[in-house]
Amino acid sequence: MAKVKVTLDSRQNCRDKDGKYPLVLRISHKSRTRDIGFDIHLYPELFNPDKIEFKGIHNAVRNTKRVQKVYADIDLWLDENKAEIKLWDISKLKDKIERKFFKKQSELMLFEHAADLFTRFRLKGKYSTIASYEDALKVFVKFNLKRQGKNDRVIIKSLFSWDRNKDEYRVLEDYQLHDFPIKAIDKDFAKRFEAYMSNRFNAKNSVFIHLRSIQSIVSDAEDSFDELKGHKPFEGIKKVSLPNKPVVLTKLEIGKIRSLKSEFDRTNPKYHAINYFLFMFNNMGMNFMDLALAKVGWFDGERFNYTRKKTEEEGDNFSIKQNEENIEIIDSYKEDKKPDQYLFPLIPEDTPEERVFRVKGQKTKWFNDHFTEIANHLGIEKNITTYTARDTWTNMGLGLGIDIRKISKGLGHARVETTEKHYEQNMQFNLLDEMNAWITGSKEP
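First, a word on scope: everything that follows refers to the structure included in this document. (Residues numbered from 1 in each chain as written. Predicted model: local features only at pLDDT ≥ 70, side-chain atom pairs only at ≥ 80, totals over all residues. Heavy atoms only, no water.)

1. Regarding the environment of Arg 308
Under the convention used in this document: Under the DSSP-based scheme used, a helix requires at least four consecutive residues in state H or I and a strand at least two consecutive residues in state E, with every element numbered from the N terminus.
Here Arg 308 lies in the loop between strand S8 (303-307) and strand S9 (317-321). In the structure, Arg 308 is positioned 21 residues away from Asn 287 in sequence and 8.0 Å away in space, judged by C-alpha atoms.

2. With respect to the pattern of salt bridges
Quick reminder of the rule: The salt bridge definition used is simple: a Lys or Arg side-chain nitrogen within 4 Å of an Asp or Glu carboxyl oxygen. A simple rule labels every residue: compare its accessible area, found with a 1.4 Å probe on the protein chains alone, to the largest value its type can have, and call it buried under 20%, exposed over 50%, or partly exposed in between.
On inspection of all chains with the given rule, the structure shows 21 salt bridges. Across the pair Arg 170 and Asp 163 runs a salt bridge, and its minimum N-O distance is 3.9 Å. On the basis of relative accessible area, Arg 170 is assigned to the partly exposed category, the value being 32%. Across the salt bridge formed by Lys 382 and Glu 253, the nearest N and O atoms sit 2.9 Å from each other.

3. What to know about the nonpolar core
Quick reminder of the rule: The set of buried Ala, Val, Leu, Ile, Met, Phe, Trp, Tyr and Cys residues whose side-chain atoms join them within 4.5 Å is what this entry labels a nonpolar core. The contact definition used throughout considers only heavy atoms, calling two residues in contact when any of these lie within 4.5 Å.
With 45 residues, the main nonpolar core has Ile 257, Leu 291, Phe 304, Phe 344 and Phe 371 as its most contacted residues. At the level of elements, helix H9 (251-261), helix H10 (269-282), helix H11 (288-293), S8, S9, helix H12 (324-333), helix H13 (353-378) and helix H14 (388-399) are the ones that each hand at least two residues to this core. Of the residues forming this core, the biggest block, nine residues, is contributed by H10. Excluding its chain neighbours within four sequence positions, the residues that come into contact with Leu 291 are Tyr 276, Phe 279, Met 280, Met 286, Phe 344 and Leu 346.

4. Looking at the sheet that holds strand S3 (residues 32-42)
The line we're drawing: Strand pairing is defined by DSSP finding a minimum of two bridges between the two strands. Angles shown run from 0 to 180 degrees and are taken between the N-to-C directions of axes, each axis being a line fitted to C-alpha atoms and, for helices, limited to the stretch in contact.
Pairing is antiparallel across the open sheet formed by three strands, whose spatial order is S1-S2-S3. Each edge of the open sheet carries a strand with a single partner, namely strand S1 (3-8) and S3. For this sheet, the mean angle separating the axes of adjacent strands, direction not counted, is 20°. This element, helix H1 (residues 60-80), spans S1, strand S2 (21-29) and S3 of the sheet and lies at about 160° to S1.

5. As for the pairing of S8
Along S8, the buried face is formed by Phe 304 and Tyr 306; none of Arg 303, Asn 305 and Thr 307, which line the opposite face, is buried. Pairing of S8 with S9 involves five bridges; the strand directions are antiparallel. When the bridges of S9 are listed, Arg 303 appears paired with Lys 321.

6. Section: helix H5 (residues 127-147)
What counts here: Each helix should span, by expectation, one fewer than its residue count multiplied by 1.5 Å.
Look at H5: 30 Å from first C-alpha to last across 21 residues, which is about the 30 Å you get at 1.5 Å a residue. Most of H5 sits inside the fold, with 15 of its 21 residues counted as buried. Just past H5, the residue Gly 149 takes up positive phi, approximately 75°.

7. Some words on unusual backbone geometry
Of note, the phi angle at Lys 30 is positive, near 55°, even though the residue is not glycine. At Ile 52, a position not held by glycine, the phi torsion is positive, near 50°. Overall, Ile 52 belongs to the buried group, its relative accessible area being 9%.

8. Details of the environment of Gly 56
If you trace the backbone, Gly 56 turns up in the loop between strand S5 (53-54) and H1. The exposure class assigned to Gly 56 is exposed, which follows from its relative accessible area of 56%. Distance from Gly 56 to His 41, taken between C-alpha atoms, is 9.7 Å for residues 15 residues apart in sequence. Once residues within four sequence positions are removed from consideration, Gly 56 is found in contact with Lys 20 and Leu 46.

9. What to know about the packing of helix H4 (residues 110-123) against helix H8 (residues 204-224)
This is how it is decided: Each angle gets one of four labels, with under 35 degrees taken as roughly parallel, over 145 as roughly antiparallel, 65 to 115 as roughly perpendicular, and the rest as oblique. We call Asp, Glu, Lys and Arg charged. Ala, Val, Leu, Ile, Met, Phe, Trp, Tyr, Cys and Pro are nonpolar, and the rest, Gly among them, are polar.
Relative orientation of the contacting elements H4 and H8 amounts to 85°, with a least axis distance of 10 Å. Judged on the interaxial angle alone, H8 and H4 are roughly perpendicular. Judged by residue contacts, Leu 110, His 113, Ala 114, Leu 117 and Arg 120 of H4 engage Ile 217, Val 218, Asp 220, Ala 221 and Ser 224 from H8. Residue classes in the contact of H4 with H8 are distributed as six nonpolar, two polar and two charged.

10. Some details on the packing of aromatic side chains
Note the threshold: Any two rings among Phe, Tyr and Trp, with Trp reduced to its six-membered ring, count as a pair given centres within 6.5 Å; such a pair is stacked if its planes are under 30 degrees apart, edge-to-face if over 60, and tilted if neither. By the criterion adopted, a ring carries a charge over it if an Arg CZ or a Lys NZ lies within 6 Å of its centre and within 35 degrees of its normal.
Applying the stated criterion to the full structure yields 29 aromatic pairs. For the ring pair Phe 118 and Phe 160, a centre distance of 5.1 Å and an interplane angle of 70° mean the geometry is edge-to-face. Pair noted here: Phe 118 is in helix H4 and Phe 160 is in strand S6 (residues 160-163), with a separation of 42 residues, a long-range link. Classification of Phe 118 by relative accessible area gives buried; the value is 1%. Phe 160 sits in the buried class, given a relative accessible area of 7%. Where Phe 140 meets Phe 189, the ring centres are 5.6 Å apart and the plane angle is 40°; that geometry is what we call tilted. Here the residue Phe 140 occupies a position in helix H5, and Phe 189 occupies one in helix H7 (residues 187-200), the gap between them amounting to 49 residues. The side chain of Lys 100 reaches across the aromatic face of Phe 101, ending 5.9 Å from its centre. Lying over the aromatic face of Tyr 342, Lys 295 brings its terminal NZ or CZ to 5.3 Å of the ring centre.

11. Comments concerning H4
When the terminal C-alpha atoms of H4 are compared, their 20 Å separation across 14 residues agrees well with the 20 Å that a helix rising 1.5 Å per residue should span. Summarising burial for H4: 10 of the 14 residues are buried, a large majority. Considered for burial, the residues of H4 that qualify are Leu 110, Phe 111, His 113, Ala 114, Ala 115, Leu 117, Phe 118, Thr 119, Phe 121 and Arg 122. Looking at the buried side of H4, the elements it contacts are H5, S6, strand S7 (168-171), helix H6 (173-176), H8 and H13. Downstream of H4 by a residue or two, Gly 125 has a phi angle that is positive, lying close to 75°.

12. Description of the side chain of Asn 63
Locating Asn 63 in the fold gives a position in helix H1. Taking the relative accessible area as the measure of exposure, Asn 63 reaches 17% and is therefore buried. Residues in contact with Asn 63, not counting those within four places in the same chain, are Ile 40, Phe 54, Ile 57 and His 58.

By themselves, these observations are geometric and do not establish any function.
What follows is the structure, encoded as structure tokens:
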């Protein structure tokens, strides 16, 4: 249990020129100690440590009462928060006490706080969020490099490392110099950061995603520290994502893809890419991440049962009856595999959990590259990606007149508005095109 006491730092090298010693709050935690100074120097004979009383200085009575109150407040706080404090190291405890009770305006740094936030995310298994936030911080580094007149086109692999001994993320030494005080991120800075990204990225959604990520880190710091209350530098900056236009295949185009598979054997990666596409399409537009994580045991012989990774905290469970095509695909991959093994050879079995998201990203590019070649071969002038099976399933369902609420449920969207945002505009365009064709006489109603 953490303890504190008020004492003199009696080391000889700490004496001032008059032979007085500094009065300190000594923190003891996990067999380590740290001192926080009161900016008071005393002769040992004029200090009573038992009663925390001292004399021989200007305003001795008032300063004595101040020190006694600080000590009492900290002692009570330690007792009230002992369960949480037990998990901290001595440095974090000292930092918390300095800010809370000594009003030390230490520079709360963006990357340092992100490391703490990522540690909490890791405990929840939110590795994709960590990766997304870190990508935004990499852009932040490049923005600062640009402001310094340096090359901002450098490749940054990672800003953080995982300290296995302390079970926490650490800012890599090479990037500690690029860290930035959170309070220094004001509205003007935020606007210039947005302008930098708008000029750099063609995809406007990239700007939106990175802005939201940095804002989330700053907002978490604001919630954590009193001195940051009300610090909202990104407030007022428009952060609206634009729905990507769905890439939708026709039944004829899907038939061409099915037929093409017969031209390949299992040694050809395009054989597997087509299987993955069909499996996702047949499973109500399954997400590629869920496909990659699929386990052999999730298939009970008739139905495929899984929890959507993106919304697993909400308990988003699916149980989908498999058609003959999917059963054949499952049978071709599950041979000699145990129930807890991955069904598809996308993620190696020994991949650490924190690396799964990165591996999935590599396989996403692999899939998209092969389907670019497949589309070109079949004369399909569409950019087919891992999202296309999902977009196609959705639009076919809406085109058949299926209630959008049912479609939304099948997609695993928490709100029907999410489905409408991504797909209804495309349906409206189709209806308007059809109406225009009737009016102009190019199509009979």
